[in-house]
Amino acid sequence: MTEPRIDLQVDSLDVRFPGKVRQDSRAGYAGYIVQPETLVEFSSALRDQLGFRYLSSVTAVDYLAEDLMEVVYHAYRLEGGPGIVFKSQVPRQDPRLPSLVPLFPGAEFQEREAWDLFGIRFEGHPDLRRILMWEGFHGHPMRKDWHEAYYEEEVKPFKNRWPEGQVYRIEDKVPFGHNVSYPSEFSPEGWVPEEDVALYAGLGKIQGDGNGKGSELETEKIIINLGPQHPSTHGVFRMVARLDGETVVDLRPVMGYLHRNHEKIGERNTFLMNMPFTDRLDYFCSMGNNFGYALAVEKLMGIRPPERAEYIRVMMAELTRIINHMLAIGFLLNDLGAYFTPVMYCFNERELILDVFEAVSGSRMMCNYFRFGGVARDLTDATFSMVRELVTERLPRKLDELERFLVMNEIVRERSIGVGVLTAEQAIGFSAAGPVLRASGVPYDVRRAEPYSIYDRLEFDVCVRQHGDIYDRYLIRFDEMRQSLRILQQVVRDMPSGEIMTGKPQYQVRVPAGESYGRVENPKGELGFYLVANGKANPYRYHVRSPSFINLTSLAQMCRGQKIADAVVILGSIDIVLGEVDR
Amino acid sequence: MPDDLNLPEFPIPEDLRGQVTITTLDRIYNWGRRASVWPMFWGLACCAIEMIATATSRYDMARFGMEVMRPSPRQTDLMIISGTVTKKLIPQIVRLYNQVPEPKYVMAMGACASGGGPFKEGYNVVSGVDQFLPVDVYVPGCPPTPQALIHGFLTLHKKIAAQPIKAIPGYRKGTLEPLPIPVLGPDLINLRDLPRIPSAVPGSDPETA
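Note that the structure is predicted; figures quoted are calculated from it, not measured. (Residues numbered from 1 in each chain as written. Chains lettered and ligands numbered in written order. Predicted model: local features only at pLDDT ≥ 70, side-chain atom pairs only at ≥ 80, totals over all residues. Heavy atoms only, no water.)

**Q** Mind laying out the sheet that holds strand S1 (residues 78-82) of chain B, listing which residues take part and the relevant values?
**A** All names here are of chain B. Strand order in the open sheet formed by three strands is S1-S2-S3, with parallel pairing between adjacent strands. Single-partner strands in this sheet number two, and they are S1 and strand S3 (137-139). Averaged over neighbouring strand pairs, the angle between their axes works out to 15° when direction is ignored. The pairing of strand S2 (residues 105-109) with S3 spans three bridges and is parallel. Its bridge partner lying in S3, Ala108 is registered against Tyr138. (Pairing = 2+ DSSP bridges. Helix = DSSP H or I, 4+ residues; strand = E, 2+ residues; numbered from the N terminus. Axes fitted to C-alpha atoms, helices over the stretch in contact; angles between N-to-C directions.)

**Q** Go over the sheet that holds strand S14 (residues 525-533) of chain A with me, naming the residues and quoting the values.
**A** Residue and element names in this part refer to chain A. Taken together, three strands build an open sheet; the order of strands is S13-S14-S15 and the sheet is antiparallel. Because the sheet does not close on itself, it has two edges, and the strands there are strand S13 (514-522) and strand S15 (539-545). The average angle at which neighbouring strand axes cross in this sheet is 15°, direction not considered. Bridging between S14 and S15 involves six bridges; their strand directions are antiparallel. Looking across to S15, one finds that Tyr530 is bridged to His543.

**Q** Explain the confidence of the model for chain A to me, and be specific about the residues and the numbers.
**A** Any region with low pLDDT has predicted coordinates that should not be read closely. Residues and elements named next belong to chain A. When pLDDT is averaged across chain A, the result is 86; 93% of the residues are at 70 or more. Ignoring residues within four places in sequence, the model shows residues 1-8, a span with pLDDT below 50, making 14 contacts including any to other chains. pLDDT under 50 marks residues 206-212. Its contacts with residues more than four places away, or in other chains, come to eleven contacts. (pLDDT = per-residue confidence, 0-100. Contact = heavy atoms within 4.5 Å.)

**Q** Can you explain the pattern of salt bridges? Please cite residues and give values.
**A** One pass over the full model with this rule turns up 52 salt bridges over all chains. When the shortest N-O distance is used, the salt bridge between Arg58(B) and Asp355(A) registers 2.8 Å. You can see Arg58(B) sitting in the loop between helix H2 (46-55) and S1 and its partner Asp355(A) sitting in helix H10 (residues 341-361), one on each of two chains. A relative accessible area of 37% places Arg58(B) in the partly exposed class. One continuous salt-bridge network, built from bridges that share partners, spans Glu318(A), Arg321(A), Arg438(A), Asp445(A), Arg447(A), Glu480(A) and Glu521(A). (Salt bridge = Lys/Arg side-chain N within 4 Å of Asp/Glu carboxyl O. Buried < 20%, exposed > 50% of the residue type's maximum accessible area, 1.4 Å probe, protein only.)

**Q** Which residues make up the interface of chain B and chain A, and what values go with them?
**A** At the interface, 55 residues of chain B touch 60 residues of chain A. Counting each side, the surface lost to burial between chain B and chain A is near 5200 Å², with a carbon and sulfur contribution of 66%. The largest per-residue losses of area from chain B upon contact with chain A belong to Glu121(B), Tyr123(B) and Pro186(B), which jointly make up 17% of the total buried on that side. Our count for the contact surface shared by chain B and chain A stands at four salt bridges. With a shortest N-O distance of 2.8 Å, Glu121(B) and Lys156(A) are connected by a salt bridge. For the interface between chain B and chain A, the tally reads 19 residue pairs in polar contact (both at pLDDT 80 or more). For the side of chain B that touches chain A, the secondary-structure elements that each account for two or more residues are H2, helix H3 (90-99), strand S4 (183-184) and strand S5 (188-189) of chain B. Broken down by class, the residue content of the side of chain B that touches chain A amounts to 34 nonpolar, twelve polar and nine charged. (Buried area = accessible area lost by both parts, 1.4 Å probe. Polar contact = N/O pair within 3.5 Å; in protein donor to acceptor, adjacent residues only side chain to side chain. Nonpolar A, V, L, I, M, F, W, Y, C, P; charged D, E, K, R; others polar.)

**Q** Help me get a handle on unusual backbone geometry, residues and values and all.
**A** In this model, Glu102(B) is joined to Pro103(B) through a cis peptide bond whose omega is -10°. Topologically, Pro103(B) is positioned in the loop between H3 and S2. Backbone torsion omega between Cys142(B) and Pro143(B) reads -10°, so that peptide bond is classified as cis. Tracing the backbone shows Pro143(B) in the loop between S3 and helix H5 (146-161). Residue Asp67(A) is not a glycine yet carries a positive backbone phi of 60°. Summarising the element assignment, Asp67(A) is placed in the loop between strand S3 (54-63) and strand S4 (68-76).

**Q** Residue-level account of the nonpolar core, with values.
**A** Within soluble globular proteins, side chains that are nonpolar tend to cluster in buried spots. If you look at the biggest cluster of nonpolar residues, it comprises 235 residues, and the most contacted ones within it are Phe86(A), Met315(A), Met316(A) and Ile93(B). By residue number, the principal contributor to this core is helix H9 (residues 307-335) of chain A, which donates 15 residues. Setting aside its immediate chain neighbours within four residues, Ile93(B) contacts Trp42(B), Leu44(B), Met79(B), Ile81(B), Val85(B), Val129(B) and Leu133(B). (Core = buried A, V, L, I, M, F, W, Y, C linked by side-chain atoms within 4.5 Å.)

**Q** Go over the environment of Pro182(B) with me, naming the residues and quoting the values.
**A** All names here are of chain B. Here Pro182 lies in the loop between H5 and S4. A residue is classified by how much of its surface remains accessible, and Pro182, at 4% relative accessible area, is buried. Taking C-alpha positions, Pro182 is 9.8 Å from Ile93, a pair spaced 89 residues apart along the chain. Discounting chain neighbours no more than four positions away, the residues touching Pro182 are Ile90, Pro91, Val94, Phe132, Leu188 and Ile189.

Here you go:
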């Protein structure tokens, strides 16, 4: 990798582009506002001259009152340190922006999502189709003036529930059709459901050197669908592959089958109501999701949790990482043909950690444990000794055992070494995060790059592997579990006593107006929450930068040229969870 | 032979207990088939993880003869709808249901599959799979614990045990009509609602609908 030239200060960008770039001077906001026509020039300057090579998040905000759509970009330097936020504003009627996909391929799915949910056209995007909803869906649902079928009120708590306290079922009040928006020319008899024509045509375009040219045997290219019901897609995920014989020529992931409208619901909820919803994003790692959301809101509120709460938070987040990587390994081996036996072993350890979660939060999977400024309940001594026994005695032994059984296994090595390679440059370009990025030789870990909570004083190594193939993505999860155990042992050793909450717990928190981006190193990669508050009880914008979703951008790249049987393994090595992909 | 198979009105002599039973065809047939229900190996969302946890060693679904989970609908008896049902997915779910051979059962696992759950208000969420499929057992929880799921299995076993064979639609003469598969239009189109849709289209005359 070449060392980026840093010849400009970040805070002089508005001087460099006079009249085109200005500081975002709204109260509580930061970063730059870039004129749409300068966007490409500005971002290539950021990437090539200032070293912001990692475009982490792309999202949009609908400012209905100002009649503006704003697209928000977050970019980071891979050397660490704080990132840069830049925005571009377009009018709400027919919003158009130049696409950043040629510069940052990792923006591809995120721009498609902004098109799907906000209706912002990105000119120059290679494949601008809907991504979460289906083609033919009417309207762009995240716009503030778009109302869903069960629309009751703009924000919660709804008046009929509180303070009046008379609950009725909304579908009794809005019978079929009333809030469903059909286009005016729609006729049910004449409707032809959208087939996947555009999807298949897009696959045909990238054929490389044409039909069978160059190979001795002329083979017919066929298109196959895997999923949404398929045992190896880890949920309701669909891959459409174009095959030449057994070789994948091109592949498109199709998602949205579990699109549960987190963001729309999140903007109706109050801040605290969103906490249990974050549990259900990446349902293996509910504690880690809580962490990211709590950080984002705490940034806005300007509070920090007390020392003991920080330690408890890190303890839970690292236990979560162990659960997640255990299962990732188990399911990866499942895809490789070790039918369910490794999963059984991994689930055994998971159950023990879930016992800890159940003891502290009352729920096995959906913990809802973090609060703004602390955690919900204190650790009891009994729970603490459970954790101590796990992290010092049981889990290290079990990791050794798993490694002994699985790492040098000949079949695993044969099928995974050199397969599904993602180079470092590609991984950065595709905005891959977490183990996928680090297995490609990029030592980037949010816990080190921009330390949050108490990670700056804990000792651990950022794991990195150099080959970027399936085997490295598999091994790096072992490495990370070892590092997590190291962190946990320090946490158990140093756990202070004291308060677990700053201020008294409250149902309705006061959040000042502004924006914030809280990011944590979740087991699957960088999980970010972008929040816009307008001083009311509800977030005005609530966006989740989900690692699984963005890591999928690189799936096609990894699969091209591989066998179709390896495509499922490559998918397994990315380790996606559909709750987070589709949100 | 377990004693509960025997009809209570025919006492079996002490020395023949466990070897001879007097029972009906319904009873012995259902006794066999309820103990080997093959669920479909298909997870939708969060609940699927608890479904897998139920299959692993601590909870061990195999105790109820249910460990054979098949990814193909054509080899299964039970569809566990383990997660949020979205509008984009419901056509596939109904299609899979139509592919399951009779007699077939549907279990709505968790709050989302039962009634939309926490995501009910979402624009892409079907509030309960029972709007499109006949559901036999509802398992509450978000997600249900493995114990709750096992309780759901036992409830299903009870239901199967109580079904007279003649009453099972799939065992009767004639073919069964498949359920209509909903269509993805501007919104989800339930084909049973088709006559009512024109009144929802702006500019149309509700009188002609």
